[in-house]
Amino acid sequence: MDGDTPEEVLAEFKERRFGGWGILQLTAGTGLAVYAVWAGLLMPGFRRVPLKLQVPYLPASRKQVCNVMTLLKGRSGSIADLGSGDGRIVLEAYNQGFSPAVGYELNPWLVRLAYFHAWRRGHHGNVSYLQKDLWKVSLADCKNVTVFLAPSVLPLLQEKLLAELPEDALVVSGRFPFTSWTAREVQGEGADRAWAYDIQAQRQRAVPPRPAGGSLSS
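Here is a short report on the structure shown in this document. Note that the coordinates shown come from a computational prediction; the quantities given were computed from them, not determined experimentally.

### A word on the pattern of salt bridges
Piece 1. Applying the stated criterion across every chain, the model contains seven salt bridges.
Piece 2. Ionic pairing is found between Lys160 and Glu164, a salt bridge with its closest N-O pair at 2.9 Å. With Lys160 and Glu164 both in helix 6 (residues 154-164) and four residues apart, this pair spans about one turn of that helix.
Piece 3. For Glu164, a relative accessible area of 28% gives the class partly exposed.
Piece 4. Between Arg184 and Asp198 there is a salt bridge, with the nearest N and O atoms lying 3.2 Å from each other. One end of the pair, Arg184, is in the loop between strand 5 (170-174) and strand 6 (185-187); the other, Asp198, is in strand 7 (residues 194-198), with 14 residues separating them in the sequence.
Piece 5. Judged by relative accessible area, which is 43%, Arg184 ranks as partly exposed.
Piece 6. For Asp198, a relative accessible area of 23% corresponds to the partly exposed category.

### Some details on the pairing of strand 3 (residues 127-130)
Each regular strand displays side chains that alternate between the two surfaces of the sheet.
Piece 1. Burial along strand 3 is one-sided: Val127 and Tyr129 are buried, and none of Ser128 and Leu130, which face the opposite way, are.
Piece 2. Across four bridges, the pairing between strand 2 (residues 101-104) and strand 3 is parallel. Across the sheet, residue Gly103 finds its bridge partner in strand 3, namely Tyr129.
Piece 3. Between the parallel elements strand 2 and strand 3, the chain passes through helix 5 (residues 108-120) in a crossover that is right-handed.

### Observations regarding the environment of Gln158
Piece 1. Of note, Gln158 is situated in helix 6.
Piece 2. For Gln158, a relative accessible area of 15% translates into the label buried.
Piece 3. Linking Gln158 and Ile199, residues 41 residues apart in sequence, is a C-alpha distance of 10.0 Å.
Piece 4. Sequence-distant contacts of Gln158, that is, excluding residues within four places in its chain, are made with Phe178, Ser180 and Trp181.

What counts as what
Residues take numbers from 1 onward in each chain, read along the sequence in its written order. In view of the model being predicted, local features appear only for residues whose pLDDT reaches at least 70, and side-chain atom pairs are presented and counted only at 80 or more, with totals across whole chains, interfaces and linings using the full set of residues. With hydrogens and water stripped out, all remaining heavy atoms of the structure feed into the side-chain values. One side-chain nitrogen of Lys or Arg within 4 Å of one carboxyl oxygen of Asp or Glu is enough to make a salt bridge. What counts as a helix is a DSSP run of H or I of at least four residues, what counts as a strand is a run of E of at least two, and both are numbered from the N terminus. Residue exposure (1.4 Å probe, protein chains only): buried if accessible area is under 20% of the type maximum, exposed if over 50%, otherwise partly exposed. When DSSP finds two or more bridges between a pair of strands, those strands are recorded as paired. By convention a crossover is right-handed if, when the strands point away from the viewer, the path from the first strand over the helix to the second runs clockwise. Any two residues whose heavy atoms approach within 4.5 Å at even a single point are treated as in contact.

Laid out in structure tokens, this is it:
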């Protein structure tokens, strides 16, 4: 078997009839392969994050990236992608003139993958991908923020964004909206949809109005 050519092995595989035990072995092997990918690429870093804050990696589609960039049209300055995955949002933002363009990603393998994509497109050194927990990163200097995160995480992230972002910041969320915020603009349909939010407007809505004619003193 060790000396067989790939063509011979493939022919044998096609001709072989699998019984119940063979099918079980094939299924188990496939499952182990999937688990190996998860353990190697997706799991590192998750052990240090509470379960409710963990966000699985799912790359943005070309249409999703396009919708995000449309919502950012006319903006400039710095941009931060929270949970940047393979780095495609950061790269496209840099191409559109945003600088510095930074991605924050806890998974070290995805950080390496993002830097590989940047190198392949000739942008090594122009963009940054930092292996940091987004919950521990200061956003005080971020003028533009993009997120592609799970709905369960967004309410907690909303509190962080309101507390730290500058008054003129814009937040763009892909796939899922901030349900308690009011978007200034929506782009796309279905799973490709993206929402843009002015932080100043969200802070104004979050402040309860004073009673008309009321007194603040007791």
